[in-house]
Amino acid sequence: GGFSPIASQGIDFALELGAGLVGIPNDFVPSPEETWELLTEKYSIRNNLVVQFKNDKLDQSPQLAKTLFQTFGDTGNLQFSTLEGSHITPNT
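Below: a short report on this structure.

Rules used in this analysis
- Residues numbered from 1 in each chain as written.
- Predicted model: local features only at pLDDT ≥ 70, side-chain atom pairs only at ≥ 80, totals over all residues.
- Heavy atoms only, no water.
- Helix = DSSP H or I, 4+ residues; strand = E, 2+ residues; numbered from the N terminus.
- Expected span 1.5 Å × (residues − 1).
- Buried < 20%, exposed > 50% of the residue type's maximum accessible area, 1.4 Å probe, protein only.
- Arc of directions from axis to C-beta.
- Contact = heavy atoms within 4.5 Å.
- Patch = residues over 30% accessible without salt bridge, like charges linked within 9 Å, V, L, I, M, F, W, Y side chains within 5 Å.
- Areas by Shrake-Rupley, 256 points an atom, 1.4 Å probe, with all protein chains shown as cover.
- Salt bridge = Lys/Arg side-chain N within 4 Å of Asp/Glu carboxyl O.
- Axes fitted to C-alpha atoms, helices over the stretch in contact; angles between N-to-C directions.
- Parallel < 35°, antiparallel > 145°, perpendicular 65-115°, else oblique.
- Left-handed = near helix turned anticlockwise from the far one by under 90°.
- Nonpolar A, V, L, I, M, F, W, Y, C, P; charged D, E, K, R; others polar.
- Polar contact = N/O pair within 3.5 Å; in protein donor to acceptor, adjacent residues only side chain to side chain.

Details of helix H3 (residues 61–72)
With 12 residues, H3 ought to run about 16 Å at 1.5 Å a step, and its terminal C-alpha atoms sit 16 Å apart, in line with that. Within the span of H3, buried status applies to Ser61, Ala65, Thr67, Leu68 and Phe72. Across the axial projection of H3, the buried residues extend over an arc of 165°, all falling on one side. Relative to its buried face, H3 has exposed residues pointing more than 90 degrees away, namely Lys66 and Gln70. Turning to H3, the residues buried within the fold contact helix H2 (32–42), strand E1 (47–53) and strand E2 (77–83). One or two steps after H3, the chain reaches Gly73, where phi turns positive at roughly 50°.

Description of a nonpolar patch on the surface
A cluster of nonpolar side chains, namely Leu49, Val51 and Leu83, defines an oily patch on the protein surface of about 240 Å² accessible area. By the element assignment, Val51 lies in strand E1.

Some details on the packing of H2 against H3
Packing of H2 against H3 brings their axes to within 10 Å, and their N-to-C directions diverge by 25°. Taken together, the axes of H2 and H3 are roughly parallel relative to one another. For H2 against H3, the interelement crossing comes out right-handed. In this structure, H2 uses Trp36, Leu39 and Thr40 to contact H3, whose residues at the interface are Gln63, Leu64, Thr67 and Leu68. Classifying every residue of the contact of H2 with H3 gives four nonpolar, three polar and no charged.

Considering the side chain of Ser61
Within the fold, Ser61 resides in helix H3. Owing to a relative accessible area of 6%, Ser61 belongs among the buried residues under this scheme. A polar contact of 2.5 Å, which involves the side chain of Ser61, links it to the side chain of Asp59. Apart from residues no more than four positions distant in its own chain, Ser61 is found in contact with Val50, Val51, Gln52 and Phe80.

So this is what it looks like as structure tokens:
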């Protein structure tokens with residue numbers, strides 16, 4: 001391919017590493033779809049803070065806030081905050 005020798009080595013290493021991860025799940029449990037289903041069917045916490053990070057390309061905060069508001073309406077307390085950061089900010 002058109003990769004530099006260093007990039008090719010990195011790709012080879014990643015493929016080799018991935019092959020060694022047999023038996024290790026690579027998906028989230030519950031799945032994102034199952035998480036939304038659980039949220040709408042079983043989530044009962046009425047006081048919620050939803051945090052959105054400005055540079056989060058995977059963000060679903062508006063959808064989460066909408067779902068929580070539709071679920072609890074005026075009987076809940078929903079706060080929404082936008083902060084600097086990205087999807088990995090909570091992990092740092």
